[in-house]
Amino acid sequence: MLQFALLAAASASISYATILPASKPVTLSNINPFIAYHGRWDASPGTWWAGSGVKLNVQNLESLELNLGPHTTAPLASVGVSVNYGPYTTVNVSQGANIIPLDGSNSRGNSVVRITTEGWQDNRMQLDSIVLNKGAQVRPYTPSKLVFQVIGDSLSAGQYLDQGVLQAWPVLTSENYKAELRVNAQPGAALKDIPAWGNVHGVSYEYFRTEDTGYYYTTDHNYTTPWDFSHDQPPPTHVVIHIGANDASQNVTATDFEQTYLSFVTRLRTLYPIQPILVFTPWGWPAADGSISYYYPGSYEKIVDERHAIGDRNVFLVNTTGWVSWEDVFPANTHPTEAGHAKIAGLFETWLKTWGLHPESSWATKVAA
Ligand SMILES: *[C@@H]1O[C@H](CO)[C@@H](O)[C@H](O)[C@H]1NC(C)=O
Ligand SMILES: *[C@@H]1O[C@H](CO)[C@@H](O)[C@H](O)[C@H]1NC(C)=O
Ligand SMILES: *[C@@H]1O[C@H](CO)[C@@H](O)[C@H](O)[C@H]1NC(C)=O
Ligand SMILES: *[C@@H]1O[C@H](CO)[C@@H](O)[C@H](O)[C@H]1NC(C)=O
């Protein structure tokens, strides 16, 4: 960057004095290599799927403005902003210039800012540029050694939560593990590639696409494109799948569901040859009378056994039976509440520790005042 600026200045015969003193705000174009993109971005570049966003490591950070283009959700998209790994605060952003509040940033030393979309819909943020205060210097963001990839439906997307995915168990667990996270969780979608609850495709199709189901309901980007998995840097170290509720509600038979799941895992193995794949059983749908209705009983065990039988020992069953009861869900839709998601995250973390995976002791990109 700096080298380029100096060359450009020299060739235009501008004295150093006009560019070197920190007299102007610092503009990062969307192709600045120090912008660490996570999640799924199209070529504009614009986000799809809850949980997509950017991370920045900046020296001497005082202000940050996001300039967003016309493919941004109108009238607004809700994003969470986390400064120096603090809690996510919701900021509603729109096309044009958006000032991002930076409570807790370091005007000396360095700060890490993470900006992540919250919703499973209205989640499009088209990034034109980022403008930082004069004197700010962007640095490389070093990702955590742990990278979770979560694949699921509404139960992982945080549907019905105020801050969407940011209050759901995948984010809670990855934060506690000081891990990077990619989530592809589509409310209403079956795993099998069939229409379900407004989704024109199932997750076994959508997972390989850039866009979430929202593409179908937009006029400015009414198509879907293959996802280039080489953009997922670094690749996941752990793959977690929690799916099946919407296959069950669409009456996909157990045999069909198992076949679909096994084909999906076979395809995932072409991307993730050795990573552990953690297969969640359903925690089911609790009822007011204390009963819980489970779907595909025995199927998840069969899927894991089948992988083991063909020599793939790196697939593990996460038995979530009993993790969620009536007091953990919203009565109106039986999806976990904010407290319910925190409980699930805690139980999953206990499972992970018993299994042998422990949180990182610190984030890989440190912050310092
Ligand atoms: C963001 O917008 C939503 C939807 O209009 C609104 O409910 C929420 O209060 C807004 N949040 C903030 C922090 O402005
Ligand atoms: C998007 O295209 C599909 C056909 O592929 C059409 O059925 C749908 O109505 C379109 N959506 C919008 C919002 O125009
Ligand atoms: C699934 O089966 C139930 C019970 O037979 C039926 O009421 C429901 O309409 C079916 N749903 C679909 C999407 O076919
Ligand atoms: C899952 O956990 C439940 C409750 O502890 C138990 O009854 C069931 O046998 C377990 N299933 C498997 C496959 O381990």
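Rules behind the numbers
- Residues numbered from 1 in each chain as written.
- Chains lettered and ligands numbered in written order.
- Predicted model: local features only at pLDDT ≥ 70, side-chain atom pairs only at ≥ 80, totals over all residues.
- Heavy atoms only, no water.
- Near = heavy atom within 4 Å.
- Polar contact = N/O pair within 3.5 Å; in protein donor to acceptor, adjacent residues only side chain to side chain.
- Areas by Shrake-Rupley, 256 points an atom, 1.4 Å probe, with all protein chains shown as cover.
- Core = buried A, V, L, I, M, F, W, Y, C linked by side-chain atoms within 4.5 Å.
- Buried < 20%, exposed > 50% of the residue type's maximum accessible area, 1.4 Å probe, protein only.
- Contact = heavy atoms within 4.5 Å.
- Salt bridge = Lys/Arg side-chain N within 4 Å of Asp/Glu carboxyl O.
- Helix = DSSP H or I, 4+ residues; strand = E, 2+ residues; numbered from the N terminus.
- Axes fitted to C-alpha atoms, helices over the stretch in contact; angles between N-to-C directions.
- Parallel < 35°, antiparallel > 145°, perpendicular 65-115°, else oblique.
- Left-handed = near helix turned anticlockwise from the far one by under 90°.
- Nonpolar A, V, L, I, M, F, W, Y, C, P; charged D, E, K, R; others polar.
- UniProt positions renumbered as here; feature names shortened; annotations may be inferred.
- Expected span 1.5 Å × (residues − 1).
- 1 Å grid on protein atoms, 1.4 Å probe; cavity = no way out; pocket = protein on both sides within 12 Å on 5 of 7 lines; lining within 4 Å.
- Points joined across faces, edges and corners; volume = space filled by probe spheres on them.
- Domains from an automatic or database assignment.

The name an unreviewed UniProt entry gives the chain is SGNH hydrolase-type esterase domain-containing protein, with Phlebiopsis gigantea as the organism.

**A word on the site of ligand 3**
Looking at ligand 3, the residues that line it are Ser249, Gln250 and Asn251. Here an oxygen atom of ligand 3 sits 2.4 Å away from a polar atom, N or O, in the side chain of Asn251. Summarising the interface, the protein chains cover 26% of the accessible area of ligand 3, which totals 360 Å² for the free molecule.

**What to know about the nonpolar core**
In terms of nonpolar packing, the biggest core is built from 61 residues, with Trp169, Tyr207, Ile241, Tyr261, Leu268 and Phe348 touching the most fellow members. Once residues lying within four places of it in the same chain are set aside, the contact partners of Tyr207 are Arg40, Gln149, Ile151, Asn184, Phe229, Phe264, Leu268, Leu271 and Tyr272.

**Here's the deal with the pattern of salt bridges**
Considering all chains together, one arrives at ten salt bridges under this definition. Across the pair Arg182 and Asp232 runs a salt bridge, and its minimum N-O distance is 3.6 Å. Remark: Asp232 occurs in the loop between α5 (203-206) and β13 (238-242) and Arg182 occurs in strand β12 (residues 180-185); sequence separation between them is 50 residues. Asp232 shares its class with Arg182; the two are buried. A single network of salt bridges, built from pairs that share partners, joins Arg269, Arg307 and Asp312.

**Considering unusual backbone geometry**
The omega angle of the peptide bond from Ser44 to Pro45 is -10°, so this bond is cis rather than trans. Note that Pro45 resides in the loop between β2 (36-41) and β3 (47-59). In this model, Gln233 is joined to Pro234 through a cis peptide bond whose omega is -10°. At Asn60, a position not held by glycine, the phi torsion is positive, near 60°. Overall, Asn60 belongs to the partly exposed group, its relative accessible area being 23%. Unlike most non-glycine residues, Lys178 shows phi in positive territory, near 50°. Along the chain, Lys178 turns up in the loop between α4 (169-176) and β12. What makes Lys178 partly exposed here is its relative accessible area of 23%.

**Observations concerning the environment of Tyr272**
One can find Tyr272 in the loop between α7 (254-271) and β14 (277-280). Since its relative accessible area comes to 3%, Tyr272 is described here as buried. Each C-alpha atom of the pair Tyr272 and Val239 lies 8.4 Å from the other, and the pair is 33 residues apart in sequence. Beyond its immediate chain neighbours, meaning those up to four positions away, Tyr272 contacts Gln149, Tyr207, Phe229, Asp232, Pro236 and Val239.

**Here's the deal with the packing of α7 against helix α8 (residues 299-309)**
Closest axis-to-axis distance for the α7/α8 pair is 10 Å, and the angle between their directions is 40°. Judged by the angle between their axes, α7 and α8 are oblique. Considering only the axes of α7 and α8, their crossing is right-handed. Only Ser299, Tyr300, Lys302, Ile303, Glu306 and Arg307 of α8 make contact with α7, whose side of the interface consists of Ala254, Phe257, Glu258, Tyr261, Leu262, Val265, Thr266 and Arg269. Of the residues that constitute the contact of α7 with α8, the class distribution is seven nonpolar, two polar and five charged.

**Here's the deal with the site of ligand 4**
Near ligand 4 the following residues occur: Glu301, Leu317, Asn319 and Thr321. Within the side chain of Asn319, an N or O atom sits 2.3 Å from an oxygen atom of ligand 4. In terms of residue class, the shell around ligand 4 is made up of one nonpolar, two polar and one charged.

**Things to note about α4**
Turning to α4, its buried residues number three or more, namely Trp169, Pro170, Val171, Thr173 and Ser174. At its buried positions, α4 is contacted by β11 (147-152), α3 (154-157), β12, β13, β14 and α9 (338-355). Within two residues after α4, Lys178 carries a phi angle of roughly 50°, on the positive side.

**Details of the UniProt feature "domain: SGNH hydrolase-type esterase" (unreviewed entry) in the chain**
According to UniProt, the positions carrying the feature "domain: SGNH hydrolase-type esterase" (unreviewed entry) are residues 150-342. With 28% helix and 13% strand, residues 150-342 has its two end C-alpha atoms placed 16 Å apart.

**Points about α9**
With 18 residues, α9 should cover 26 Å at 1.5 Å per step; its first-to-last C-alpha distance of 26 Å lies within 8% of that length. Tucked into the core, α9 has its buried residues touching β11, α3, α4, β13, β14 and β17 (315-318). Where α9 terminates, the next one or two residues include Gly356, which has phi positive at roughly 125°.

**Focus on empty space enclosed by the protein**
Tallied over the entire structure, the rule returns two cavities of 30 Å³ or more. Of the voids in this model, the largest cavity is the one considered here, and its volume is about 160 Å³. Contributions of two or more residues to the lining of the largest cavity are made by β3, β8 (110-117), α4 and β12. Counted by class, the lining of the largest cavity contains seven nonpolar, four polar and four charged residues. Counting contributing residues, the lining of the largest cavity receives three or more from each of domain 1 (2-139) and domain 2 (147-355). In this model, the second largest cavity occupies a volume close to 30 Å³.

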